[in-house]
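A structural walkthrough
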Amino acid sequence: MTAITDPSAPILILDTGVGGLTVLGEVRKMLPEAPVIFAADQAGLPYGTKSEAEVAARVCGLLGRMAERYRPRLICIACNTASTIALGMVRDVLEIPIVGTVPAIKPAAALTKSGTIGLLGTEATIRQTYVDNLEHEFAAGKTMLRHAAPGLVEPAERKLRGKPVDQSEIDTAVAGLLAKPGAETIDTVVLACTHFPLLADELKIALGEHINLIDGAEGIAKRIEFLTRGQEFCRSKPDFAVTTGPLEAFVPLGPALAQYGIEDIQTF
Ligand code: DGL
């Protein structure tokens, strides 16, 4: 990777909301010195119910403006929905490294013993050709049962704001996966939305303690570490978060963000 001349140039991590924190957590473990901007497109939440054209236009436009304003050394799209739809387009228009988040089908296929994998994502993610291709490439010979669980996004947002999560909401959101023919042999579930690992405890209760939950966050952090290897990192100011939505709706996330080393919140 090319050397970065400004050691304070940040890594910009984008999601619609708190899902990006699951990726940030792994990035912190691997690159504790890296300056980070955590960007939440709260005005666009949820992406999962939008059309491909809407998500692509929004993500390309937003990242273009953010890249100009913050001059990041690398952008991580910490959102499966945005990545499976728009990763190629964003790479075409921006001249910095872009790391996407795609469903962790490869590690799930390596881990399953029964050969039956569940995949939970947003409505938009589970219908993407990108996911078909991953399935054909890495899970050929396995059975993969996909289920849209948009009902998990809002509880994850609430949980990180310190509000209680109702287990029955989680049970309802995944009931459709468990009702699919053959679901009784699922032993591994891909969490193909960055919000979902924040509900790992609740998902274990809903799906069964024996189920392996797999997400891509660690692999993404490894990729970022690889692409920035040899670069100098030096924070010139505390790491901060930006939201495209109203600031007052984001302020309750302050304590959760602080746990991930984000000390300030601003509007974009
Ligand atoms: N975190 C996003 C993802 O990984 C989904 C949330 C949304 O629908 O905006 O797909």
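See the structure printed just above.
Residues numbered from 1 in each chain as written. Predicted model: local features only at pLDDT ≥ 70, side-chain atom pairs only at ≥ 80, totals over all residues. Heavy atoms only, no water.

1. Thoughts on the sheet that holds strand β8 (residues 212–214)
The condition is simple: Strand pairing is assigned whenever DSSP detects at least two bridges linking the two strands. Secondary structure counts use DSSP, requiring at least four H or I residues in a row for a helix and at least two E residues in a row for a strand, with both numbered from the N terminus. Fitted lines through C-alpha atoms serve as axes, helices being fitted only where they are in contact, and the angles separating the N-to-C directions of these axes extend from 0 to 180 degrees. The contact criterion used is simple: two residues touch if any of their non-hydrogen atoms lie within 4.5 Å.
Taken together, the 4 strands give an open sheet; going across it, the order is β6-β5-β7-β8, and neighbouring strands pair in parallel fashion. Looking along the sheet, the strands with just one partner apiece sit at the ends: β6 (143–148) and β8. Looking at each pair of strands side by side, their axes are set apart by 25° on average, direction ignored. In this structure, strand β5 (residues 116–121) lies alongside β6, joined through 6 bridges in parallel fashion. Directly across from Gly121, in β6, lies its bridge partner Ala148. In the packing of helix α8 (residues 167–178) onto the sheet, the strands contacted are β5, β6 and β7 (186–192), and the crossing angle to β6 comes to about 145°.

2. Side note on the side chain of His147
Stated formally: Any residue under 20% of the maximum accessible area for its type is buried, any over 50% is exposed, and the rest in between are partly exposed; the area is computed with a 1.4 Å probe on protein chains only.
Position of His147 relative to the elements: it lies in strand β6. A residue is classified by how much of its surface remains accessible, and His147, at 15% relative accessible area, is buried. Filtering out sequence-adjacent residues up to four positions away, His147 remains in contact with Leu119, Leu120, Gly121, Ile126, Ala173, Val174, Gly176, Leu177 and Lys180.

3. A word on the pairing of β5
Of all 6 residues that make up β5, 6 are buried, and the element is covered over most of its length. Taking every second residue as pointing to the same face, both faces of β5 are buried, with Thr116, Gly118 and Leu120 on one and Ile117, Leu119 and Gly121 on the other. With 6 bridges joining them, β5 and β7 adopt parallel strand pairing. Bridge pairing in β7 links Leu119 to Val190.

4. Things to note about the site of the ligand
Applicable threshold: Here a residue counts as near a molecule or strand whenever at least one of its heavy atoms sits within 4 Å of it. Here a polar contact is taken to be a pair of N or O atoms separated by no more than 3.5 Å, where protein atoms must pair a possible hydrogen donor with a possible acceptor and residues adjacent in sequence count only if both atoms sit in side chains. Under this grouping Gly is polar, as are all residues other than the nonpolar Ala, Val, Leu, Ile, Met, Phe, Trp, Tyr, Cys and Pro and the charged Asp, Glu, Lys and Arg.
Near the ligand, the surroundings consist of 14 residues, among which Thr16, Tyr47, Asn80, Thr81 and His195 are the closest. At a separation of 2.9 Å, an oxygen atom of the ligand approaches a polar backbone atom of Gly48. The class makeup of the residues in the shell around the ligand is 6 nonpolar, 7 polar and 1 charged.

5. Some details on helix α6 (residues 129–138)
Going by this rule: Working note: the arc is built from the helix axis to C-beta atom directions.
Buried within α6 we find Val131, Leu134 and Glu135. Along the axis of α6, the buried residues cluster in a sector spanning 100°; they form a single face. Those residues of α6 that are exposed and angled more than 90 degrees off the buried face are Thr129, His136 and Glu137. At its buried positions, α6 is contacted by α3 (80–93), α4 (105–111), β5, α5 (123–126) and β6.

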